[in-house]
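# Report on the structure
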There are 2 protein chains.
Amino acid sequence: MKKSEKHGEKFMLLAIREARKGIRKKEGGPFGACIIRGGKVVAYAHNEVLLDHCVVSHAEIKAITKASRKLKKWDLSGCEIYSTTEPCTMCFSAIHWARIEKVYFGTTIKDAKKIGFNEMMIPDEKMKKIGKSSVKIIEGVLREECLALFSEWKKARGKKY
Amino acid sequence: MKKSEKHGEKFMLLAIREARKGIRKKEGGPFGACIIRGGKVVAYAHNEVLLDHCVVSHAEIKAITKASRKLKKWDLSGCEIYSTTEPCTMCFSAIHWARIEKVYFGTTIKDAKKIGFNEMMIPDEKMKKIGKSSVKIIEGVLREECLALFSEWKKARGKKY
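Residues numbered from 1 in each chain as written. Chains lettered and ligands numbered in written order. Predicted model: local features only at pLDDT ≥ 70, side-chain atom pairs only at ≥ 80, totals over all residues. Heavy atoms only, no water.

## Quick word on the relation of the copies chain B and chain A
As a reminder of what qualifies: Here the copies are superposed with least squares, the fitted atoms being C-alpha atoms of residues at a pLDDT of at least 70 in both. In what follows, residue pairs with any heavy atoms lying within 4.5 Å of each other are defined as contacts.
For these two chains of identical sequence, chain B goes onto chain A by a turn of 180° and a shift of 0.0 Å along the axis, with RMSD 0.0 Å. Such a turn and shift between the copies fits a two-fold axis. Taking C-alpha positions as the reference, the residue of chain B nearest the rotation axis is M90 of chain B, at 2.0 Å. Both copies share a contact surface, since 100% of the interface residues of chain B are interface residues in chain A too.

## Comments concerning the interface of chain B and chain A
Many descriptions give the size of an interface as the accessible area lost when the pieces come together. Let me state the cut-off plainly: For any pair of parts, buried area is found by adding up, for both, the accessible area (1.4 Å probe) each one loses once the two are put together. Counted as salt bridges are all cases of a side-chain nitrogen of Lys or Arg within 4 Å of a carboxyl oxygen of Asp or Glu. Side-chain atoms alone can form a polar contact between residues adjacent in sequence; in general such a contact is a pair of N or O atoms within 3.5 Å, and within protein one must be able to donate a hydrogen while the other accepts it. In this text, helices come from DSSP runs of H or I with a minimum length of four residues, and strands from runs of E with a minimum of two, each type numbered from the N-terminal end. Amino acids outside the nonpolar list (Ala, Val, Leu, Ile, Met, Phe, Trp, Tyr, Cys, Pro) and the charged list (Asp, Glu, Lys, Arg) are all regarded as polar, and Gly is one of them.
Counting residues at the interface gives 35 residues for chain B and 35 residues for chain A. Buried area between chain B and chain A, both sides added, is near 3000 Å², and the carbon and sulfur share of it is 74%. Our count for the chain B to chain A interface comes out at 0 salt bridges. Where chain B meets chain A, there are 6 residue pairs in polar contact (both at pLDDT 80 or more). When contributions to the side of chain B that touches chain A are tallied by element, the ones reaching two or more residues are α2 (49-52), α3 (59-71), α4 (89-97) and α6 (124-131) of chain B. Among the residues making up the side of chain B that touches chain A, the classes are represented as 20 nonpolar, 10 polar and 5 charged.

## Quick word on the confidence of the model for chain A
Test applied: As a per-residue measure, pLDDT reflects the predictor's confidence and takes values from 0 up to 100.
Here chain A shows a mean pLDDT of 93. Residues at 70 or above account for 94%. Model confidence for the complex: the whole-complex pTM is 0.94, and ipTM, which rates the interface, is 0.93.

This is the structure in structure tokens:
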């Protein structure tokens, strides 16, 4: 494994930890995200749709909001985002608007659809292509670990959601 | 003019008033939105990207957040949204997630691109089609009045933005 890959996995593990926090607290779907810049963590967040009663509260949107607040700018050029699941069309668009350079994800929109999320089925690669976005996309980072979040969520969900 | 059209224009005028507020306060782009349910206003907002230093602060997203907070639910079924400009891919996706039934807009994404916004050029109709969304789309509501916001914004922008 290349050093850069290991590096990346470290950040995905942070995103996974965040997703797990959301599952435990029953605050939303089993999704986490982490934004980094120059090898350092800028912000991380999990899905809080249930907590906030709001569809906008996806992990990526929350992380972008936190990063922007921290850096005091909307332009997040030079940043990268790790997302346990492929960003939905809303989040991919926010990533594009924020000029984040690269998105890494584990599971796909298709996987999320399978466990019941009402996604618009447009993969990030398709959004990028039709929308002529320059965001780079790397999929399959710690996919198995990210998939495990779905089972944990389903188990937790049986109890309350 | 049919009564229903007049009705709709009343809400678009509210969205325009909001956009104008944002231009005056120099808080972001010249965009406003208004969410209604059963003929009554639930929430309205304008673009606050500059105020919040955050790309997520589009008028539609702000309006959805406010409406969700007010109604204490993420599911905005039965609601409609008026937007001075065609919702970008981020906002259209949020509208889809929130189960808002209908979106009315004045100017188009193409118009917004012309005045310099870094849009992904995917019209709502295309998003709807590829993503199999059931959101209804009505364009061209008070288009001229919405276009005028762009000139007002350009004039205001010369001074500070």
